[in-house]
Amino acid sequence: MIIYALVVILTLGVMLLAAGVRVVQQFERGVVFRFGQVRNEIRGPGLALIVPVIDRLQKVNLQIVTMPVPVQDAITRDNVTVRVDAVIYFRVIDPVRVIVNVQDYESAIRQVALASLRSIIGKSELDDLLSNRERLNQGLELMIDSPAVGWGVHIDRVEIKDVSLPESMKRSMSRQAEAERERRSRVITAEGELQASEKLAQAAETMTAHPAALQLRLLQTVVEVAAEKNSTLVLPFPVELLRFLERATPPEIEASSEDAALPEPDQPTETDRPAETAAPSEIDRPDEAAALPEIDQPGETAALPEAEPAASRSIPAPSADLPISPPDRRLPEPHVLDRTAPSDAHAER
């Protein structure tokens, strides 16, 4: 009997000892309640011994918790409806306050995050919400961390994940962005033209001071165009080059060229020459035919002078002030006639 009693007592002791032993993980902390009162001593990782039936150990996780914030429909300060969601990273820094001060600290933080997200969206404009998210994240973190510190929770980071806009707003923003890009492109083009015009003005001043630079630039252009193996070469000939060549020409060559270009004073010009008239025909000169001797003998031929073409004889036209002279009716010279007949027949005649 005594042996059975000792065995029972030993078994009860082992059970009580097993009921008073707890294992705390490395990422956990244990808070002991004795008769409902929190003990100041917080049990660390490892074996934690408590008094069975009297003490109660509650474990608290110290790892960083990732909590997504549901999508919220809100209106910005410039009256634009948006849908925004976020994510929160937090961890427990005081296990006692997490258990004592708040019933469910995760649910409490979620509700505070929803309210803070709506509040900060209403205080911000759409441009800030899209382009200045870092400042909004910091403000949202401060708004959530203020009540969470009293609960023994520290907010490590808050991030706004996505901002959804209505389709009409997206189209308006795309048009605005396109207009802004067009404006920037025009400004850049205008600035480029301004700089190019300034450089061209400097180049023009340099070429004006040194006229040979223009010829060298022209030759360089010819070389660049000829390098492309073109069959046709269009070469502009600037007026400045003519002026340069004119200045480079010696004065003696210029004087000789001017003298050659002037007309001779003794020779009449085409405007001063009187109009040429046609030579009188044989009808207008009947006396010449009558004055010729008759040639009755056969075999005798008369060598008459050939009449010059009308175009070869220039007869000045009579002017209005001079009297009109009768046509020239002189007979041909006697030696012109060529008698080929025998001299006896000529003597008998």
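## Observations regarding the overall build of the chain
Phase 1 of the analysis: Within the chain one finds 11 helices and 10 strands.
Phase 2 of the analysis: By residue count, 19% of the 349 residues in the chain fall in the buried class.
Phase 3 of the analysis: Looking at the chain as shown, the accessible area adds up to about 26000 Å², and 57% of this sits on carbon and sulfur atoms.

## As for the confidence of the model for the chain
Phase 1 of the analysis: Model confidence for the chain is summarised by a mean pLDDT of 74, while 69% of its residues fall at 70 or above.
Phase 2 of the analysis: When the criterion is pLDDT under 50, residues 265–329 qualifies, and its contacts beyond four places in sequence or with other chains add up to 49 contacts.
Phase 3 of the analysis: Within the model, the stretch residues 336–349 combines pLDDT values under 50 with 20 contacts to residues more than four positions away or in other chains.

## A short note on the layout of surface pockets
Phase 1 of the analysis: Counted as a void, the second largest pocket has a volume near 240 Å³.
Phase 2 of the analysis: For the second largest pocket, the full set of lining residues is Ala 204, Met 207, Thr 208, Pro 211, Leu 214, Gln 215, Glu 240, Leu 241, Arg 243, Phe 244 and Arg 247.
Phase 3 of the analysis: Going through the elements one at a time, helix H6 (167–209), helix H7 (211–226) and helix H8 (239–248) are the ones with two or more residues in the lining of the second largest pocket.
Phase 4 of the analysis: With 5 residues, H8 is the single largest residue contributor to the lining of the second largest pocket.

## Notes on the sheet that holds strand S7 (residues 81–92)
Phase 1 of the analysis: Pairing is antiparallel in the open sheet, where 3 strands are placed in the order S6-S7-S8. Of all the strands in the sheet, just strand S6 (65–75) and strand S8 (153–164) have a single pairing partner and so form its edges. On average, each strand axis in the sheet is inclined to that of its neighbour by 20°, with strand direction left out of account.
Phase 2 of the analysis: One ladder, built from 9 bridges, connects S6 with S7; its direction is antiparallel. Counted as the bridge partner of Asp 73 is Arg 83 from S7.
Phase 3 of the analysis: Across the sheet, helix H3 (residues 105–122) lies against S6, S7 and S8, angled at about 35° from S6, the strand it touches most.

## Remarks on the sheet that holds strand S3 (residues 37–43)
Phase 1 of the analysis: Here 3 strands make up an open sheet; going across it, the order is S3-S2-S5 and the pairing antiparallel. In the strand order of this sheet, the two ends are held by S3 and strand S5 (55–61), each with one partner. Between one strand and the next, the sheet's axes are offset by a mean angle of 30°, whatever the strand orientation.
Phase 2 of the analysis: By the bridge criterion, 4 bridges tie strand S2 (residues 28–34) to S3 in an arrangement that is antiparallel. Across the sheet, residue Val 31 finds its bridge partner in S3, namely Ile 42.

## Thoughts on the packing of H7 against H8
Phase 1 of the analysis: The contact between H7 and H8 brings their axes to 10 Å, and the two run at 125°. One element, H7, and the other, H8, form an angle in the oblique class. Note on packing geometry: the crossing formed by H7 with H8 is left-handed. For the pair formed by H7 and H8, the contact residues are Pro 211, Ala 212, Leu 214, Gln 215 and Leu 218 on the first element and Glu 240, Leu 241, Phe 244 and Arg 247 on the second.
Phase 2 of the analysis: Across the contact of H7 with H8, the residue classes break down as 6 nonpolar, 1 polar and 2 charged.

## A few points about the side chain of Asn 137
Phase 1 of the analysis: Structurally, Asn 137 is set in helix H5 (residues 133–150).
Phase 2 of the analysis: Once residues within four sequence positions are removed from consideration, Asn 137 is found in contact with Val 158, Glu 159 and Ile 160.

## Details of the packing of H6 against H7
Phase 1 of the analysis: Viewed as axis vectors pointing N to C, H6 and H7 meet at an angle of 115°, and their least axial separation amounts to 4 Å. Viewed along their axes, H6 and H7 adopt a mutual orientation that is roughly perpendicular. Contacts between H6 and H7 pair Met 207, Thr 208 and Ala 209 from the former with Pro 211, Ala 213, Leu 214 and Arg 217 from the latter.
Phase 2 of the analysis: Of the residues contributing to the contact of H6 with H7, the split by class is 5 nonpolar, 1 polar and 1 charged.

## Remarks on a nonpolar patch on the surface
Phase 1 of the analysis: Together, Met 1, Ile 2, Tyr 4, Leu 6 and Ile 9 line one region of the surface with nonpolar side chains, adding up to about 700 Å² of accessible area.
Phase 2 of the analysis: Checked against the element boundaries, Leu 6 lands in helix H1 (residues 2–19).
Phase 3 of the analysis: On the basis of relative accessible area, Leu 6 is assigned to the exposed category, the value being 55%.

## A look at the pairing of S2
Two faces make up the sheet, and in a regular strand the side chains alternate between them.
Phase 1 of the analysis: Counting buried residues in S2 gives 5 out of 7 residues, a clear majority hidden from the surface.
Phase 2 of the analysis: Taken together, the 7 bridges between S2 and S5 define a ladder with antiparallel strand orientation. Following the sheet pairing, Phe 33 is matched in S5 by Arg 56.
Phase 3 of the analysis: A loop of 2 residues connects S2 with S3, the two strands running antiparallel in sequence, and Phe 35 in this loop sits at a positive phi of about 55°.

Thresholds, definitions, all that
Residues numbered from 1 in each chain as written. Predicted model: local features only at pLDDT ≥ 70, side-chain atom pairs only at ≥ 80, totals over all residues. Heavy atoms only, no water. Helix = DSSP H or I, 4+ residues; strand = E, 2+ residues; numbered from the N terminus. Buried < 20%, exposed > 50% of the residue type's maximum accessible area, 1.4 Å probe, protein only. Areas by Shrake-Rupley, 256 points an atom, 1.4 Å probe, with all protein chains shown as cover. pLDDT = per-residue confidence, 0-100. Contact = heavy atoms within 4.5 Å. 1 Å grid on protein atoms, 1.4 Å probe; cavity = no way out; pocket = protein on both sides within 12 Å on 5 of 7 lines; lining within 4 Å. Points joined across faces, edges and corners; volume = space filled by probe spheres on them. Pairing = 2+ DSSP bridges. Axes fitted to C-alpha atoms, helices over the stretch in contact; angles between N-to-C directions. Parallel < 35°, antiparallel > 145°, perpendicular 65-115°, else oblique. Left-handed = near helix turned anticlockwise from the far one by under 90°. Nonpolar A, V, L, I, M, F, W, Y, C, P; charged D, E, K, R; others polar. Patch = residues over 30% accessible without salt bridge, like charges linked within 9 Å, V, L, I, M, F, W, Y side chains within 5 Å. Salt bridge = Lys/Arg side-chain N within 4 Å of Asp/Glu carboxyl O.

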